[in-house]
Amino acid sequence: MEYRILGRTGLKVSVMGIGAGGPSRLGQRDNNKSEAESVDLVLRGLDAGINFIDTAEAYRTEAIIGAAVAQRDRSKLIISTKKQLRGENITREELRAGLHDSLRRLQTDYIDIYHLHGLKPEQYAYYLKEIAPGMQDLRDEGLIRFLGVTENWSGDLEHEMLARALQDGVWDVVMVGFNLLNQTARESVLEATIKKDIGVLIMFAIRRALSQPAKLKATIQSLIDSGEVDPQDIDPANPLSFLVDSGAAPSIADAAYRFCRDESGTHVILSGTGNPAHLEANLAAFERPPLPAEVTARLKRIFRKSRSVTGG
Ligand SMILES: NC(=O)c1ccc[n+]([C@@H]2O[C@H](COP(=O)([O-])OP(=O)(O)OC[C@H]3O[C@@H](n4cnc5c(N)ncnc54)[C@H](OP(=O)(O)O)[C@@H]3O)[C@@H](O)[C@H]2O)c1
C-alpha cells in the first residue's frame, strides 16, 4: 500500500481509503450484509494496509467502524466522520452533541478529521461564521484533530462551495467529487489545494457509472446528447472498452481508481463496497502501476468538456 502525507495535517494516510457510505454503505444498503460481515470487510481492508476510514453520522455505519477499530490499534488509524446538515442550519450545541454521539458509536475519544457533510454554497457563509469557530473549540479541547468540509457534488456540479472554502484558512481537509467522467475539480479545486497544502479526499471515483455497464452507457449517451463528448471519440455501445481491450487495466473500475490515484493533488481515494471480492479487486487496483500515459491522455481528451454528470 502506498502512503501519502495529507497536506498540512501531516498525517500519513493510505492512498486507498475505506468509504463507509456511498451506494453500498459497507453492504448495509444494497447488499444486505450482516453487521458482522461488514465489520469483517473493514478488518480485511485494515489488515491489507489501509489506515484511513471515512464514515458519517448520516451513513449509520459508525458503529460498524467502531466495532472494527476496537479490534485494532486505534492510534495507527485515521478516522474521518461528518456532522449531518439536514434542513435548518445547525447550532454549535447540535454540532457538539453530534460529535459526542459519533465518538460513542466509533468507540473512540477523538476524531482525526471532522467534517461538515455535503455543505451547499448557500449555506457556506453561516457555517463559516457560526459553526467553524465551534469546530475550532472542539479541536482545542482535543476531541477532533483537524477540520474538514465535504461538498454536495450532485447539487454543486461546479464545486462552488469548495472554491469559496479554499479562500479561507479554516479547512485542513476537503472532500471533492472527481472521476474520469468529470474532471472539473482539477481546475476549480485541486489547483488551489496544491498551492495551499490542503488535504484532499476523493469521492465518486467509480460510484455507479464506472462500476455498472448499463449506467455507464446511459451516462455516456447523455454526454453525447448534450455535446460534451464527441461520439467520434467513444463507442456508445461499448464505452471505455479500450481500457480493457488495450490491456491497460483488467476492468473499467480498476482503471478509474488508478486515474484518480495518479491525478496530481489527490491524497486519499475513497473506495466503498459491501462485496469482499470487490474489496480484493480494489486493493489489487491500487497496487498496479500508473495507466499508460497515452490512455490517461485519451481519457483527459475525451472528457475535457464534460461537466454535467457525476457518475452517481
Ligand atoms: N458528500 C459526501 O461527504 C460524500 C458523498 C458520497 C460519498 N462519500 C464518501 O466517499 C466514499 C466512496 O463513495 P462513492 O459515492 O464515491 O462510491 P464508490 O465507492 O466510488 O462506489 C461504490 C460503488 O461501486 C461498487 N463497487 C465497488 N468496487 C467495485 C468493483 N471492484 N467492481 C464493481 N463494482 C464495485 C459498489 O458496489 P458493491 O457494494 O456491490 O461493491 C458501490 O455500488 C463513501 O463511502 C463515503 O465515505 C462522501
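Residues numbered from 1 in each chain as written. Predicted model: local features only at pLDDT ≥ 70, side-chain atom pairs only at ≥ 80, totals over all residues. Heavy atoms only, no water.

Visitor: I tried to follow the overall build of the chain on my own but got confused; where do I start?
Guide: What the chain contains, in helices and strands, is 11 helices and 10 strands. Relative to its length of 312 residues, the chain is compact, with a C-alpha radius of gyration of 19 Å against a globular reference of 20 Å. With respect to the three principal axes, the spread of C-alpha positions in the chain is 55 × 40 × 35 Å. The buried share among the 312 residues of the chain stands at 55%. By sequence separation, contacts in the chain at least 24 residues apart represent 78% of the contacts at least 6 residues apart. Surface summary for the chain: the accessible area is close to 13,000 Å², and the carbon and sulfur share equals 47%. A distance of 1 Å separates the average location of the 39 positive side-chain charges in the chain from that of its 42 negative side-chain charges. (Helix = DSSP H or I, 4+ residues; strand = E, 2+ residues; numbered from the N terminus. Rg over C-alpha atoms; globule rule 2.2 N^0.38 Å. Buried < 20%, exposed > 50% of the residue type's maximum accessible area, 1.4 Å probe, protein only. Contact = heavy atoms within 4.5 Å. Areas by Shrake-Rupley, 256 points an atom, 1.4 Å probe, with all protein chains shown as cover. Lys, Arg positive; Asp, Glu negative; His and termini not counted. Charge placed at Lys NZ, Arg CZ, Asp CG, Glu CD.)

Visitor: What is the right way to look at the site of the ligand in this model?
Guide: Near the ligand, the surroundings consist of 28 residues, among which Asp-54, Phe-204, Arg-207, Thr-273 and His-278 are the closest. One of the backbone nitrogen or oxygen atoms of Gly-274 is found 2.8 Å away from an oxygen atom of the ligand. Within the contact set of the ligand, a nitrogen atom lies 2.8 Å away from a side-chain nitrogen or oxygen of Asn-282. In isolation the ligand offers 900 Å² of accessible surface; the protein chains occlude 90% of this area. Within the residue set of the shell around the ligand, elements represented by two or more residues are β7 (144–151), β10 (268–271) and α10 (276–287). (Near = heavy atom within 4 Å. Polar contact = N/O pair within 3.5 Å; in protein donor to acceptor, adjacent residues only side chain to side chain.)

Visitor: Teacher, can you tell me more about the packing of helix α1 (residues 35–47) against helix α2 (residues 62–69) here?
Guide: How two helices pack is summed up by the angle between their axes together with the distance between the axes. Closest axis-to-axis distance for the α1/α2 pair is 9 Å, and the angle between their directions is 55°. One element, α1, and the other, α2, form an angle in the oblique class. Seen from above, α1 lies across α2 with right-handed handedness. Taking contact as the criterion, the partners of Glu-35, Ser-38, Val-39, Val-42 and Leu-43 in α1 are, on α2, Ile-64, Ile-65, Ala-67 and Ala-68. Per-class residue counts for the contact of α1 with α2 are seven nonpolar, one polar and one charged. (Axes fitted to C-alpha atoms, helices over the stretch in contact; angles between N-to-C directions. Parallel < 35°, antiparallel > 145°, perpendicular 65-115°, else oblique. Left-handed = near helix turned anticlockwise from the far one by under 90°. Nonpolar A, V, L, I, M, F, W, Y, C, P; charged D, E, K, R; others polar.)

Visitor: Please explain the packing of α1 against α10 as it appears in this structure.
Guide: Two numbers describe how α1 lies on α10: the axes approach to 10 Å, and their chain directions differ by 15°. For the element pair α1 / α10, the angle class is roughly parallel. In this structure, the crossing between α1 and α10 has a hand that is right-handed. Contacts between α1 and α10 pair Leu-41, Arg-44 and Gly-45 from the former with Pro-276, Leu-279, Glu-280 and Leu-283 from the latter. Of the residues that constitute the contact of α1 with α10, the class distribution is four nonpolar, one polar and two charged.

Visitor: Help me understand the sheet that holds β7 in this model?
Guide: Sheets are built from strands that pair by backbone hydrogen bonding, the pairs being arranged parallel or antiparallel. Here eight strands make up a closed barrel; going around it, the order is β3-β4-β5-β6-β7-β8-β9-β10 and the pairing parallel. Going from strand to strand, the sheet's axes swing by 25° on average, the running direction of each strand aside. Bridge count between strand β9 (residues 199–203) and β10: two bridges; the pairing is parallel. Looking across to β10, one finds that Ile-202 is bridged to Ile-269. (Pairing = 2+ DSSP bridges.)

Visitor: Any chance you could explain the side chain of Ser-14 here in plain terms?
Guide: Of note, Ser-14 is situated in strand β2 (residues 12–14). Residue Ser-14 is classed as buried on the basis of its relative accessible area, which comes to 0%. A polar contact of 2.8 Å, which involves the side chain of Ser-14, links it to the backbone oxygen of Met-16. Not counting residues within four places of it along the chain, the set of residues in contact with Ser-14 comprises Met-1, Glu-2, Tyr-3, Gly-49, Ile-50, Asn-51, Phe-52, His-267 and Val-268.

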